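# Fold and geometry: a report
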Amino acid sequence: MDYKGALEDYNKAIELDPDNIKAYDKRGNVKSNLLDYKGGIEDYTKVIERDPDNIPAYYKRGIASMNLHYYNFAIKDFTKIIELDPDNIPAYYRRASQRHNAEDYKGSIEDYTKIIELDPDNIIAYSERAKTKQYRDTKNNRLEDYEGSIEDYTKILELDPDNIKAYNERGWAKSRLKDYKGSMEDFTKVINLKPDEDSYSDRGNAKRNLEDYKGAIEDYTKALKLNPNKTSYYLQQIATSKSRVEDYKGAIEDYTKLIELEPDEVYFLFARGYVKELSGDLNGACADWEKAANSDDTYFVQLSKKHLMMPKCQNYSSPDNIIVDELPEFNKAGTTLAGGNGEGSASNQLSHPTGIALDASGNLYIADTNNHRIQKWTPGATEGITVAEDKERSRSSIITYPTGITLDASGNMYITDTENNNIKKWALGATEGLIIIGEGGTTDRGGYAANQLNNPAAITIDTYGNLYIADRENHRIQEWAPLATIGTTVARGLRFPSDVALDAAGNLYIADTENNRIQKWESGAREGTTVAGGNEKGSRAYQLFHPQGITLDASGNMYIADTENNRIQMWAPGAIEGTTIAGGNGEGSAANQLSLPRGITLDSSGNLYIADTGNNRIQKYAPVDN
């Protein structure tokens, strides 16, 4: 179609008749086809001004707003359609999707429920409602209604008994409720209907959680045959499962194959040593750890040296058998440094604190999220001082749900103004901030362009002043050089990353929250390496459950806020499981308990500071020798 010519014709028609509704409507269509959605919105608005009950115009304007990610404007248009036509199913669908994008999951569910009332056999509505029930918004409001999701998938299966997707999704939801038997049954149904790699892999995971390691090995083997391109992944799962059933010979053979396939992946060498130790071959185990200790991977070097200095390797001759320090230990009970006086906005209270940072003098800076402010607590203080807060003087002074904070060497604060999708720099002693990142400070709408952020969750800074931002809703980490106008994506393929930390070598460590793992990204890397978790969400020592905070000590030990497990896990370099050093005693407010911990940091003396978010307090855990 000659859109340019059509546009000229409609322009002329409107010049001749400024009230020509049809011409405005047609010109809006042409502009939208040319991706000029703002122009389309202007024309559809002209139609609506002249015909306030014009449902198609509201619908088209809503679609154009959707394409611009103007979720709230789109919601208003679809709401107007529903007011004019309460049984308009397409409008409910569109409003539901936009409510979802705006994280109004409850509203989205209400719309899908209305569609089901109007059309009780609407499988799509059941499916979308089921998926939405599983979400949690960025303000940590709980919604994860897996039971309700399972009910919807069950209804779909009543309507369509061979619906493979419903079996898959129901199996996934059951696994989140730790109903691994039910999960396995659903994946078995998928395999009976149409076997594929994913269904065997998912059933293998369920069997592994049921400790049916032999069954897991069978399923992983079938998945591997269907997709040889994932040999490393499945062979690793098979080797791990073989070691659980004491088939050490088979596990060693598999790790040997993995080493041949990926000679630079030191983990396989270290793991083979671990299995050799279990098999009684201490000399072989120590030989593998010696090789790992001579690799270029700092973390496996440190961990391997720890193994080499233990009695089991003392009779093994090695010129590199260097004794290293033992892992740090912490007191089991924490001390409340800030807050802990109930949720509130008084100077001695906090409300949902998340990010925390320390300056060289030991002053603690707290992102007091639900109070929309940053609090400074000096050592020994019983009250905080507000050093940045939500003020209406200008857009630069507005802070809404701040979640992350970091300091530079001069004491300037950098704050993730989460709901406003920007980063604010708050100079030391300033009464107002400066927007330095987030579409040039012109709008509070999030986006995915290089000069935009979408729900930034955390921030850190390196010695050169480069900022690293966990761009949560864009599932990426953005690096912003000083004075840059656009960011560079340095890590992607994540799911709702919530925190980012740097080691001395400039490697990034990312709390990849929805993937229940910590990822390490070396400078310039095209993909990350899982260094903690990544074994589905759970509470075992080798698992994490929605980790949302991370920091490192000088030895490379990771300290992870394992949020949904209400604990802090320490993972030594190269470790295959973590050690609980704080919390882990159920969710609660006692001195040895935590509730949804988020931010985490260390001071120069090795004291650990934790944003105990659900308890509205900051806890300090001292090393045993302090």
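Up top is the structure these notes are about.
Each residue is numbered by its place in its chain's sequence as written, counting from 1. Reporting of local features is limited, given that this is a predicted model, to residues whose pLDDT is at least 70; pairs of side-chain atoms are given and counted only at 80 or more, and all residues count toward the totals for whole chains, interfaces and linings. Derived side-chain values reflect all non-hydrogen atoms in the structure, with water molecules and hydrogen atoms excluded from consideration.

### Quick look at the overall build of the chain
Keep this limit in mind: Put simply, DSSP H or I for four residues or longer makes a helix, DSSP E for two residues or longer makes a strand, and each gets a number counted from the N terminus. Restricting the calculation to C-alpha atoms gives the radius of gyration, and the globule rule supplies 2.2 Å times the number of residues raised to the power 0.38. Buried residues are those whose accessible area, probed at 1.4 Å on protein chains only, stays under 20% of the maximum for their type, while exposed residues exceed 50% and partly exposed ones sit between those limits. What makes two residues a contact is simply this: any of their non-hydrogen atoms within 4.5 Å.
Helix and strand counts for the chain stand at 18 helices and 24 strands. A compact globule built from 626 residues would reach a C-alpha radius of gyration of about 25 Å, and the chain, at 28 Å, matches this within 12%. Expressed along its principal axes, the backbone C-alpha trace of the chain runs to roughly 95 × 65 × 45 Å. In the chain, buried positions account for 53% of the 626 residues. Counting contacts in the chain only where the partners sit at least 6 residues apart, residues at least 24 apart contribute 44% of the total.

### Some words on the environment of D499
Assignment of secondary structure puts D499 in strand β14 (residues 499-502). Along the sequence, D499 and G599 sit 100 residues apart, while their C-alpha atoms lie 8.2 Å from each other. Excluding residues within four positions of it along the chain, D499 makes contact with A458, A470, Y509, I510, A511, Q548, G549 and I550.

### Details of the nonpolar core
Among soluble globular proteins, nonpolar side chains are generally buried collectively. Formally: Here, the term nonpolar core denotes a set of buried Ala, Val, Leu, Ile, Met, Phe, Trp, Tyr and Cys residues that are joined through side-chain atoms within 4.5 Å.
The biggest cluster of nonpolar side chains holds 38 residues, and the ones touching the most others in it are Y255, W289, I518, A532, M558, I560 and W571. Take this core: its biggest share by element is seven residues, from helix α16 (residues 266-279). By size, the runner-up hydrophobic cluster in this structure holds 27 residues, among which are A57, Y58, I82 and Y126.

### Examining the packing of aromatic side chains
Definition in use: Pairs were defined over the aromatic rings of Phe, Tyr and Trp, the Trp ring being its six-membered one, requiring ring centres within 6.5 Å. Orientation was assigned from the angle between planes: stacked under 30 degrees, edge-to-face over 60, tilted for the rest.
What the rule picks out here adds up to eleven aromatic pairs. Residues Y93 and Y112 carry aromatic rings whose centres are separated by 6.3 Å and whose planes lie at 65 degrees to one another, so their mutual orientation is edge-to-face. Here Y93, found in helix α6 (residues 89-101), pairs with Y112, found in helix α7 (residues 105-118); they are 19 residues apart in sequence, far enough to count as distant. On the accessibility criterion, Y112 (4% relative accessible area) is buried. Geometrically, the ring pair formed by Y267 and F300 is tilted, given 6.2 Å between the ring centres and 50 degrees between the ring planes.

### Side note on helix α10 (residues 164-176)
Applied cut-off: Helix span is expected to be 1.5 Å times the residue number reduced by one. Pairs of N or O atoms within 3.5 Å make up the polar contacts considered here, provided that, within protein, one atom can donate a hydrogen while the other can accept it, and that residues adjacent in sequence are counted only when both atoms are side-chain atoms.
For α10, built from 13 residues, the straight-helix expectation of 18 Å at 1.5 Å per residue is met to within 8% by its first-to-last C-alpha distance of 19 Å. Looking at α10, one finds that the buried residues are A166, Y167, R170, G171, A173, K174 and S175. Of the surrounding secondary structure, the elements contacted by the buried residues of α10 are α9 (146-159) and α11 (180-193). Among the residues of α10, the N-terminal cap falls to N163, whose side-chain oxygen and the backbone nitrogen of K165 are separated by 3.3 Å. Residue K178 follows α10 closely and has a positive phi angle near 60 degrees.

### Remarks on the environment of A388
Within the secondary structure, A388 sits in strand β5 (residues 385-389). The exposure class of A388 is buried, given its relative accessible area of 2%. With sequence-adjacent residues up to four places away left out, A388 is seen in contact with R373, I374, I399, M413, I415 and W426.

### Some words on a nonpolar patch on the surface
Put simply, the test is: Each patch is assembled from residues with relative accessible area greater than 30% and no salt bridge, linking like charges that lie within 9 Å and nonpolar side chains (Val, Leu, Ile, Met, Phe, Trp, Tyr) that lie within 5 Å. Using a 1.4 Å probe, accessible areas were evaluated by the Shrake-Rupley method; residue-level cover was limited to the displayed protein chains. The salt bridge definition used is simple: a Lys or Arg side-chain nitrogen within 4 Å of an Asp or Glu carboxyl oxygen.
Taken together, the side chains of Y274, L278 and I576 present a nonpolar region at the surface, about 230 Å² in accessible area. Relative to the assigned elements, L278 resides in helix α16.

### Some remarks on the sheet that holds strand β24 (residues 617-621)
In plain terms, the rule: The criterion for strand pairing is that DSSP finds at least two bridges linking the strands in question. Here the axes come from fitting lines to C-alpha atoms, over the contacting stretch only for helices, and the angles between their N-to-C directions go from 0 to 180 degrees.
The strand order β1-β24-β23-β22 describes an open sheet built from four strands, whose pairing is antiparallel. Of all the strands in the sheet, the pair left with one neighbour each is β1 (335-339) and β22 (600-602). On average, each strand axis in the sheet is inclined to that of its neighbour by 25 degrees, with strand direction left out of account. In terms of strand pairing, β1 meets β24 through four bridges, oriented antiparallel. Note that in β24 the partner of G339 across the bridge is R617.

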